[in-house]
Amino acid sequence: MTIYFIGAGPGDPELITVKGQRLIRQCPVILFAGSLVPPAVLDGHAAREVIDTADLDLDRIIELLARADAAGDDVARVHSGDPSLYGAIGEQMRRLRALGIGYEIVPGVTATAASAATLGKELTLPGISQTVILTRYASKTAMPEGEQFADLARHGATMAIHLGVRHLPQIVAALVPHYGSDCPIAIVYRASWPDERTVSGTLADICARVPADVSPRTALILVGRVLDSEDFDDSTLYA
C-alpha cells in the first residue's frame, strides 16, 4: 500500500490535479487537514474512513497511517496547497521511512500561483524580475542563517511571503531599504476561496490599507516591481 501526500490546491476545489482527485476518489482511507482543505475537495470519494486531522498530533496521525498500512489500505493524506511548501509533511515522511511504509507526493497548486492569478499578474517579467523567492516570516520557527529578510530582500526579486501578515510593519521596514517605499505590494487573503479578498498598495501605505476584520492565517504577501510594471521587454519565446 501507499500513503499519498496530495496537494489539494489553495482552496478552489477545481484547482486540484486530475491525479490528486482520482486518488481521493479511490483510496479507502482519507486523512485530510480540515482546517485548510475545503470539504468539497473530497466530493465523490468512496472511502470507508474519512478523518479530519486538524486536531490530531503527529503521533496520532502516524498511528492512523500505520494502521492503514497494516490493513493493506492506500491512504489519501490531503494537505492544502502544494505539500512540498510549508506542508509539514517532512516529519511525517521521516516517521514513515523509519517504519518502512511507502509514500508518494502528488503536487498541488500553490497559494503563490493562485494569488498571482487573482491579481492577474505574471511574477517573472523580462528585465524586471526573473526570480521568485518563496519565504516566511520568522516567528515561532527561526529562519536559518542567511535567510533573514535583509539577506533575501537585497536581491530585489519578486517575493512571496507566507505567514507574515501579523508582522506586516516589521516586514515593510525590512523591505523598504532594498525595494524602495514606492514598490508595489499586495496581500491576498484566502486565495481562490469564495470569500477571497485582496489589498494592494505600496510599501509606504500598505499597513494603513489592511482592514482589521481579515484573518491573517491564510494570507499571502506578494511584493515586487512586477506587480505594476508595463515597461518590460517581450519574451524571446515570441521572437
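Calculation criteria
Residues numbered from 1 in each chain as written. Predicted model: local features only at pLDDT ≥ 70, side-chain atom pairs only at ≥ 80, totals over all residues. Heavy atoms only, no water. UniProt positions renumbered as here; feature names shortened; annotations may be inferred. Patch = residues over 30% accessible without salt bridge, like charges linked within 9 Å, V, L, I, M, F, W, Y side chains within 5 Å. Areas by Shrake-Rupley, 256 points an atom, 1.4 Å probe, with all protein chains shown as cover. Salt bridge = Lys/Arg side-chain N within 4 Å of Asp/Glu carboxyl O. Helix = DSSP H or I, 4+ residues; strand = E, 2+ residues; numbered from the N terminus. Axes fitted to C-alpha atoms, helices over the stretch in contact; angles between N-to-C directions. Parallel < 35°, antiparallel > 145°, perpendicular 65-115°, else oblique. Left-handed = near helix turned anticlockwise from the far one by under 90°. Contact = heavy atoms within 4.5 Å. Nonpolar A, V, L, I, M, F, W, Y, C, P; charged D, E, K, R; others polar. Buried < 20%, exposed > 50% of the residue type's maximum accessible area, 1.4 Å probe, protein only. Arc of directions from axis to C-beta. Core = buried A, V, L, I, M, F, W, Y, C linked by side-chain atoms within 4.5 Å.

Taking an unreviewed UniProt entry as the reference, the protein is identified by name as Precorrin-4 C(11)-methyltransferase belonging to Robbsia betulipollinis. Per UniProt, the comment on the protein under Pathway (unreviewed entry) is "Cofactor biosynthesis; adenosylcobalamin biosynthesis." Annotation of the protein in UniProt includes, under Sequence similarities (unreviewed entry), the sentence "Belongs to the precorrin methyltransferase family."

Chemist: Explain a nonpolar patch on the surface to me, please; I cannot follow it from the model alone.
Modeler: A cluster of nonpolar side chains, namely Leu-85, Tyr-86 and Leu-134, defines an oily patch on the protein surface of about 240 Å² accessible area. Locating Tyr-86 in the fold gives a position in the loop between strand 4 (75-79) and helix 3 (90-99).

Chemist: Quick question: what am I supposed to make of the packing of helix 2 (residues 58-71) against helix 3 here?
Modeler: Any two packed helices are characterised by how steeply their axes cross, that is the angle between the axes, and by the distance between the axes. Two numbers describe how helix 2 lies on helix 3: the axes approach to 11 Å, and their chain directions differ by 45°. Considering their axes alone, helix 2 and helix 3 lie oblique with respect to each other. Seen along the crossing, helix 2 lies across helix 3 with a hand that is right-handed. Note on element contacts: helix 3 touches helix 2 through Glu-91, Gln-92, Arg-95, Leu-96 and Leu-99, opposite Leu-58, Asp-59, Ile-61, Ile-62, Leu-65 and Ala-66. Across the contact of helix 2 with helix 3, the residue classes tally to 7 nonpolar, 1 polar and 3 charged.

Chemist: Help me understand helix 1 (residues 18-26) in this model?
Modeler: For an α-helix, the turn length of 3.6 residues means that residues three or four places apart are oriented alike. Listing the buried residues of helix 1 in full gives Gly-20, Leu-23 and Ile-24. The buried side chains of helix 1 occupy one side of the element, clustering within an arc of 100° when seen end-on. Of the surrounding secondary structure, the elements contacted by the buried residues of helix 1 are strand 1 (3-7), strand 2 (29-32), strand 4 and strand 5 (103-106).

Chemist: Can you walk me through the nonpolar core in this structure?
Modeler: Grouped burial of nonpolar side chains is what soluble globular proteins tend to show. With 25 residues, the main nonpolar core has Met-159, Leu-175 and Val-223 as its most contacted residues. Elements supplying a minimum of two residues to this core: helix 5 (149-153), strand 7 (158-162), helix 6 (168-179), strand 8 (184-189) and strand 10 (219-223). Take this core: its biggest share by element is 5 residues, from helix 6. Setting aside residues up to four positions removed in sequence, Val-223 forms contacts with Ala-157, Thr-158, Met-159, Ile-161, Leu-175, Tyr-179, Cys-183, Pro-184, Ile-185 and Leu-203.

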